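Remarks on the overall topology
Each chain is listed here by its residues.
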Amino acid sequence: MAKLILSMDGLVLKEIPLNKERLSIGRKPHNDIQIDNLAISGEHAVVVTILADSFLEDMNSTNGTLVNGQPIKKHFLRNNDVIELGKYKLKYMADLQAGAAASEFEKNVATRSGQIKMPSELQLEPTDTLVRSSVGLASQPKPPVPNLAAAIQLLNGPNAGKELDLTKTLTTLGKPGFQVAVIAKRPHGYFITHVEGSQFPVVNGKALDAQAYPLGDHDVIEIAGIKMEFFHKA
């Protein structure tokens, strides 16, 4: 299990296991990690953990959040990253064994002719040429359908027309440093969650918020300038 090591001036204060999906950091007592210091906002930052991956988000704090000396709003945490909150530091220690298992899909690049590459290899570059979908846009999310196989088909860009089966528990899509989202396969359906970037994913023409969004059959997703259609497979 991944963990955070809280320290100040080189003195380790405590270790915090990342054993829940959302872990809050701030000065107020209700936070999972309370740091009683005026340099820390009441609700300063949160760490969201999905399987073996953890993401840090600054909650519009007064003094900001640094990772390895750089200010961030959202950040995909990597092993040995150092989060700085005023005089306090939180070192992220990844569970490398679990991470290797959860990210197995990143190692299995498709080799057969015409087969799409896995998510970490997709070049989701913005493009001026958009392929229009014949699917109507819906203003409300469709209820998720459990226990059905699903896939996405790219509608534009260099891989237009290619399909990717969503067989893994967690599929990462996007362009690191620009916009990243994940599609999580859960027992009661598929959900998309924003991870990184100032712009949120768009589903059926509507920008999402920070909450996980249930995907319905034939939803059209746009991430980093690329449109893709989510659909269930018979």
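Reading guide: rules and limits
Counting of residues starts from 1 at the beginning of each chain's written sequence and follows it residue by residue. Restriction of local features to residues with pLDDT of at least 70 applies here, the model being predicted, together with a cutoff of 80 or more for giving and counting side-chain atom pairs; totals for whole chains, interfaces and linings are based on all residues. As a rule here, side-chain values cover all heavy atoms of the structure and leave hydrogens and water aside. Put simply, DSSP marks the helices as runs of H or I at least four residues long and the strands as runs of E at least two long, and each gets a number from the N terminus on. When accessible area is computed with a 1.4 Å probe and restricted to protein chains, residues below 20% of their type maximum are described as buried, those above 50% as exposed, and intermediate ones as partly exposed. Should any heavy atoms of two residues lie within 4.5 Å, those residues are counted as being in contact. For the accessible areas, the method is Shrake-Rupley and the probe is 1.4 Å, while residue cover comes only from the protein chains on display. What pLDDT reports is the predictor's confidence in each residue, on a scale of 0 through 100. Within 6.5 Å between ring centres, the rings of Phe, Tyr and Trp (the latter by its six-membered ring) count as paired, and their orientation is classed by plane angle as stacked under 30 degrees, edge-to-face over 60, tilted in between. A ring has a charge above it when a Lys NZ or an Arg CZ is no more than 6 Å from the ring centre and no more than 35 degrees off the ring normal. Put simply, buried Ala, Val, Leu, Ile, Met, Phe, Trp, Tyr and Cys residues joined by side-chain atoms within 4.5 Å make one nonpolar core. When DSSP finds at least two bridges between two strands, those strands are taken to pair. Note on geometry: axes are lines fitted to C-alpha atoms, helical ones only across the stretch in contact, with angles between N-to-C directions running from 0 to 180 degrees.

Going by the annotation in an unreviewed UniProt entry, the name recorded for the chain is Forkhead-associated, with Dechloromonas aromatica given as the source organism.

Tallying secondary structure elements over the chain gives one helix and 21 strands in all. A buried classification covers 42% of the 234 residues belonging to the chain. Within the chain, contacts between residues at least 6 apart in sequence are counted, and of these 42% link residues at least 24 apart. Summed over all atoms, the accessible surface of the chain reaches about 12500 Å², with 50% contributed by carbon and sulfur.

Note that Lys91 resides in strand β11 (residues 88–93). For Lys91, a relative accessible area of 34% translates into the label partly exposed. Between the alpha carbons of Lys91 and Ser7 there is a distance of 8.2 Å; along the sequence they are 84 residues apart. Excluding residues that lie within four positions of it along the chain, Lys91 makes contacts with Lys3, Leu4, Ile5, Asn80, Asp81 and Val82.

Below, the discussion takes up the confidence of the model for the chain. Averaged over every residue, the pLDDT of the chain is 78; the share at 70 or more is 78%. Segment residues 98–139 is flagged for pLDDT under 50; beyond a separation of four residues in sequence, or across chains, it makes 70 contacts in the model.

All told, the structure shown has two aromatic pairs when counted by the stated rule. Centroid distance Phe55 to Phe76: 5.3 Å. Interplanar angle 55°. Geometry classified as tilted. Here Phe55, found in strand β6 (residues 53–58), pairs with Phe76, found in strand β9 (residues 74–76); they are 21 residues apart in sequence, far enough to count as distant. Relative accessible area serves as the criterion here: at 8%, Phe55 is assigned to the buried category. Over the ring of Phe191 we find Arg186, and its NZ or CZ is 4.9 Å from the ring centre.

Moving on, we get to the nonpolar core. Leu4, Ile25, Ile35, Leu56, Ile83 and Leu90 are the most contacted members of the largest nonpolar core, which totals 21 residues. Contributing elements (two or more residues each) for this core: β1 (3–8), β3 (22–26), β5 (45–50), β10 (82–85) and β11. At three residues, the largest contribution of residues to this core is made by β11. Excluding residues within four positions of it along the chain, Leu56 makes contact with Ala45, Val46, Val47, Thr65, Val67, Ile72, Lys73, Lys74, His75, Leu77 and Ile83. Formed by 20 residues, the second largest nonpolar core is a distinct cluster that contains Ile183, Tyr190, Tyr213 and Met228.

With that out of the way, let us pick up the side chain of Ser7. Within the secondary structure, Ser7 sits in strand β1. What makes Ser7 buried here is its relative accessible area of 15%. Not counting residues within four places of it along the chain, the set of residues in contact with Ser7 comprises Val12, Leu13, Lys87, Tyr88 and Lys89.

Positionally, Ser24 belongs in strand β3. Ignoring sequence-local partners within four residues, the contact set of Ser24 consists of His30, Asn31, Asp32, Ile33, Ala45 and Val46.

The next point concerns the sheet that holds β11. Strand order in the open sheet formed by six strands is β2-β1-β11-β10-β7-β8, and the pairing between neighbours is antiparallel. Across the chains shown, the open sheet's two edge strands, defined by having one partner strand only, are β2 (11–17) and β8 (70–72). The average undirected angle you get between the axes of adjacent strands in this sheet is 30°. Sheet topology note: the β10/β11 ladder contains four bridges and is antiparallel. Across the sheet, the residue bridging to Val82 is Lys91, located in β11.

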